[in-house]
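Here is what each chain is made of, one letter per residue.
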Amino acid sequence: MPAHTPRPGEPPAEALAPILRIGHGYDLHRLEPMPPVGQGRPLIIGGVCFEHDRGPVSHSDGDALLHALTDALLGAMALPDIGQVFPDDDPRCESRDSADFLREALRLVRERGYAPVNLDATVILERPKLSARKDEVRASIARLLGMPLDRVNVKGKTHERVDAVGEGRAIEVHCVVLVQEIHGGR
Ligand code: MG
């Protein structure tokens, strides 16, 4: 039984409730020493640069956290994924700041009448430890999305020295984001 029975002429309660959509994103980048030994780029996580002897191998700047978040936003709107919107063989994406991908995903979300409500991400990385700079990463993402800090969460974990991630040869990120309809799209 519905909690509220609308009067004649009144729209049903579900028509007035904001529509919520959830999106999930995942990304992994191989970590290699810097050139000329390997092909690693500077290690950037959520728009924050970390000092490390290895970095992501990537066509863009290799920010795995922003890639996962971009995919989560696109996924929430059932849009094509980051690899389709920004192909890695497109020369315009070479060394590109991943904040550009996130801004475009946010623009596409807003264009459809939605806005992010909150997000939760898990970064899996053996070294360096994320914990000391976690709030800096959260603040960077909050700034990029124009969201309050308490709606942006980032967790750091190791992979317990197991497999490639645990051996420091890769960074892995999982992210979920909730978006809400902001004006009458129906
Ligand atoms: Mg990526």
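The structure contained in this document is the topic of the report that follows. Remember, it's a predicted structure, so these values are computed and weren't measured experimentally.

So, how was this worked out
Residues numbered from 1 in each chain as written. Predicted model: local features only at pLDDT ≥ 70, side-chain atom pairs only at ≥ 80, totals over all residues. Heavy atoms only, no water. Helix = DSSP H or I, 4+ residues; strand = E, 2+ residues; numbered from the N terminus. Buried < 20%, exposed > 50% of the residue type's maximum accessible area, 1.4 Å probe, protein only. Contact = heavy atoms within 4.5 Å. Areas by Shrake-Rupley, 256 points an atom, 1.4 Å probe, with all protein chains shown as cover. Lys, Arg positive; Asp, Glu negative; His and termini not counted. Charge placed at Lys NZ, Arg CZ, Asp CG, Glu CD. 1 Å grid on protein atoms, 1.4 Å probe; cavity = no way out; pocket = protein on both sides within 12 Å on 5 of 7 lines; lining within 4 Å. Points joined across faces, edges and corners; volume = space filled by probe spheres on them. Nonpolar A, V, L, I, M, F, W, Y, C, P; charged D, E, K, R; others polar. Salt bridge = Lys/Arg side-chain N within 4 Å of Asp/Glu carboxyl O. Phe/Tyr/Trp six-rings, centres within 6.5 Å; stacked < 30°, edge-to-face > 60°. Lys NZ or Arg CZ within 6 Å of the ring centre and 35° of its normal.

### What to know about the overall build of the chain
Here is step 1 of the chain: Secondary structure summary: the chain contains 6 helices and 7 strands in total.
Here is step 2 of the chain: By principal-axis analysis of the C-alpha atoms, the chain measures approximately 75 × 35 × 25 Å.
Here is step 3 of the chain: When each of the 186 residues of the chain is scored for burial, the buried share is 45%.
Here is step 4 of the chain: Counting contacts in the chain only where the partners sit at least 6 residues apart, residues at least 24 apart contribute 72% of the total.
Here is step 5 of the chain: In the structure as shown, the chain presents an accessible area of about 10,100 Å², 53% of it carried by carbon and sulfur atoms.
Here is step 6 of the chain: Across the chain, 23 positive and 28 negative side-chain charges occur, with their mean positions spaced 4 Å apart.

### Description of the layout of surface pockets
Here is step 1 of the chain: Taken as a whole, the largest pocket holds about 250 Å³ of empty space.
Here is step 2 of the chain: Considering the residues around the largest pocket, the lining is formed by 16 residues, among which His29, Ser60, His67, Phe86 and Asp88 are closest to the centre.
Here is step 3 of the chain: Taken together, the elements giving at least two residues each to the lining of the largest pocket come down to strand E1 (20-33), helix H2 (64-76) and helix H3 (82-85).
Here is step 4 of the chain: Grouping the amino acids of the lining of the largest pocket by side-chain chemistry returns 7 nonpolar, 6 polar and 3 charged.

### Considering the pattern of salt bridges
Here is step 1 of the chain: Across all of its chains, the model carries 11 salt bridges by this definition.
Here is step 2 of the chain: A salt bridge links glutamate 111 to arginine 112, with the shortest nitrogen-to-oxygen separation between them at 3.2 Å.
Here is step 3 of the chain: Overall, the relative accessible area of 52% leaves glutamate 111 in the exposed class.
Here is step 4 of the chain: Linking glutamate 136 and arginine 133 is a salt bridge whose minimum nitrogen-to-oxygen distance equals 2.9 Å.
Here is step 5 of the chain: Ionic contacts of the salt-bridge type, sharing partners, join the residues Glu104, Arg107, Glu111 and Arg112 into one network.

### Quick look at the packing of aromatic side chains
Here is step 1 of the chain: Summed over all chains, the structure comprises 1 aromatic pair.
Here is step 2 of the chain: Relative to phenylalanine 101, the ring of phenylalanine 86 lies with its centre 4.4 Å away and its plane at 35°, an arrangement referred to as tilted. Highlighted residues: phenylalanine 86 in the loop between H3 and helix H4 (98-111) and phenylalanine 101 in helix H4, separated in sequence by 15 residues.
Here is step 3 of the chain: Using a relative accessible area of 13% as the deciding quantity, one classes phenylalanine 86 as buried.
Here is step 4 of the chain: The residue whose ring lies beneath arginine 21 is tyrosine 114, and the NZ or CZ to ring-centre distance is 5.7 Å.
Here is step 5 of the chain: When the ring centre of phenylalanine 50 is taken as reference, the NZ or CZ atom of arginine 133 above it lies at 4.7 Å.

What is shown is where atoms sit, not what they do.
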